[in-house]
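# Architecture and fold: a report
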Amino acid sequence: MTRLGAGPVEVGPLGFGAAALGNLFTEVGDEQAHDAVTTAWQQGVRYFDTAPHYGLGLSERRLGAALREHPRSAYTLSTKVGRRLEPAPDGTGDDLADGGFAVPADQRRVWDFSADGVRRTLEASLTRLGVDHIDIVYLHDPDDHADEAFRQGYPALERLRAEGVVGAIGAGMNQTGMLTRFVRDTDVDVVLCAGRYTLLDHSALADLLPAAQERGTSVVIGGAFNSGLLADPRPGATYNYAHAPAELLDRALHLRSLAERHGTTLRAAALAFCAAHPVVASVLVGARSAAEVRDCAQQFTTPVPAAFWQELRAEGLLPPEAPLPTEQPS
């Protein structure tokens, strides 16, 4: 377990990202969702991340129901604020077009990083999850709401932390620029960086990771597979939730070929790369089934030979400042 920043909250090296439990892109049954969480627990996962955004609250409800079988003190739970849910009685159809989740559009998301909005959103999450406290709360995707997030949302989280309502606070985004600002200009414990530190995208090395190292701020990495391309590179695979460009598909296929030649897998290499940086406290993997969970857990502990990393560096596929994983994951 790794402590986040200087606070009391700890996370394990492999975390469970619960977006798929909210029917991301396609429907997942209640039993399948429950089995995914149960299998994660059996595999030793003790950090679980969700958000109201994921399936208009469905992910939180399903995750909370599955975790109810375990002592609350035995796991670390994070959720997010910034998208407040409110009833949409006139909503029709499903949420796929607007939100990307195969759920009825009976609620709508309201961007709200105000102090009141943060507290109301957190209270609703506690109810859906069925817990009395949440360990980590992230400001969720404040890209277009920077002023409100820094002036109201962040101070609200800081007060909640001071009151002992939450143990750790931070921000979760798909970009590094604003996350770096949170690290440098606030007292966040942790930031969740999705998709910007992977075998295909090293951009977090330019700003976020050095700043976090300097400030003693922890980083959780999401999107280790860049939404699918690094898990299964093939025509039609997704990169950042869209069809992968041809150049990136070719690079991913080449990485897979190198991994297989060295007796490992691209999935194992992708996870090991993310985990190797010293400021990375946990790597979140999204899974929609027990089989996917078991595979991720197995890949996370699969050795990646040092010769593989040396070949990547020799070919210029890894920047010189990127820490190289050891052969045996910790």
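Residues numbered from 1 in each chain as written. Predicted model: local features only at pLDDT ≥ 70, side-chain atom pairs only at ≥ 80, totals over all residues. Heavy atoms only, no water.

As a further point, take helix H10 (residues 306-314). Here H10 has its buried residues at Phe308, Trp309 and Leu312. Here the buried residues of H10 occupy an arc of 95 degrees about the axis, which is enough to place them on one side. Turned more than 90 degrees away from the buried face of H10 sit Gln310 and Ala314, all of them exposed. (Buried < 20%, exposed > 50% of the residue type's maximum accessible area, 1.4 Å probe, protein only. Helix = DSSP H or I, 4+ residues; strand = E, 2+ residues; numbered from the N terminus. Arc of directions from axis to C-beta.)

Turning our attention to the pattern of salt bridges. Inspection of the entire model under this criterion finds 22 salt bridges. Members of the salt-bridge network, linked through shared partners, are Arg84, Glu86, Arg108 and Asp112. (Salt bridge = Lys/Arg side-chain N within 4 Å of Asp/Glu carboxyl O.)

In contact at an axis separation of 8 Å, helix H3 (residues 115-129) and helix H4 (residues 146-162) are set at 55 degrees when each is read in the N-to-C sense. One way to sum up the angle between H3 and H4 is to call them oblique. For the crossing formed where H3 meets H4, the hand is right-handed. Across the interface between the two elements, Ala115, Val118, Arg119 and Leu122 of H3 pack against Gln152, Gly153, Ala156, Leu157, Arg159 and Leu160 of H4. For the contact of H3 with H4, a count of residues per class yields six nonpolar, two polar and two charged. (Axes fitted to C-alpha atoms, helices over the stretch in contact; angles between N-to-C directions. Parallel < 35°, antiparallel > 145°, perpendicular 65-115°, else oblique. Left-handed = near helix turned anticlockwise from the far one by under 90°. Contact = heavy atoms within 4.5 Å. Nonpolar A, V, L, I, M, F, W, Y, C, P; charged D, E, K, R; others polar.)

Quick look at the side chain of Thr186 now. Mapped onto the secondary structure, Thr186 falls in the loop between helix H5 (177-185) and strand E12 (190-194). Classification of Thr186 as buried rests on a relative accessible area of 8%. A polar contact of 2.5 Å, which involves the side chain of Thr186, links it to the backbone oxygen of Phe182. Aside from chain neighbours lying at most four places away, what touches Thr186 is Phe150, Tyr154, Arg181 and Arg215. (Polar contact = N/O pair within 3.5 Å; in protein donor to acceptor, adjacent residues only side chain to side chain.)

Mapping Val283 onto the fold places it in strand E16 (residues 280-286). Excluding residues within four positions of it along the chain, Val283 makes contact with Pro13, Leu14, Gly15, Ile221, Ala224, Leu271, Cys274, Ala275 and Phe300.

Tallied over the entire structure, the rule returns 10 aromatic pairs. On the basis of an interplanar angle of 90 degrees and a centroid distance of 6.3 Å, the ring pair of Phe48 and Tyr75 is categorised as edge-to-face. Highlighted residues: Phe48 in strand E4 (residues 47-49) and Tyr75 in the loop between helix H2 (58-67) and strand E5 (76-81), separated in sequence by 27 residues. Judged by its relative accessible area of 6%, Tyr75 falls in the buried class. Considering the side-chain rings of Phe308 and Trp309, the 4.9 Å spacing of their centres and the 75 degrees angle between planes classify their relative orientation as edge-to-face. What makes Phe308 buried here is its relative accessible area of 0%. (Phe/Tyr/Trp six-rings, centres within 6.5 Å; stacked < 30°, edge-to-face > 60°.)

Secondary-structure assignment places Thr50 in the loop between E4 and H2. Once residues within four sequence positions are removed from consideration, Thr50 is found in contact with Ala18, Ser59, Glu60, Leu63, Ser78, Thr79, Lys80 and Leu129.

Now for the nonpolar core. Burial of nonpolar side chains together is a common tendency in soluble globular proteins. Counting residues in hydrophobic clusters, the biggest one holds 93 residues, and the most contacted among them are Phe16, Phe48, Leu199 and Trp309. Broken down by element, this core gets its largest block of residues, eight residues, from helix H8 (residues 266-276). Beyond its immediate sequence surroundings of up to four residues, Leu199 is in contact with Leu230, Leu255, Leu266, Ala269, Ala270, Phe273, Trp309, Leu312, Leu317 and Leu318. In this structure, Val9, Ala168, Leu192 and Val220 belong to the second largest nonpolar core, which totals 13 residues. (Core = buried A, V, L, I, M, F, W, Y, C linked by side-chain atoms within 4.5 Å.)

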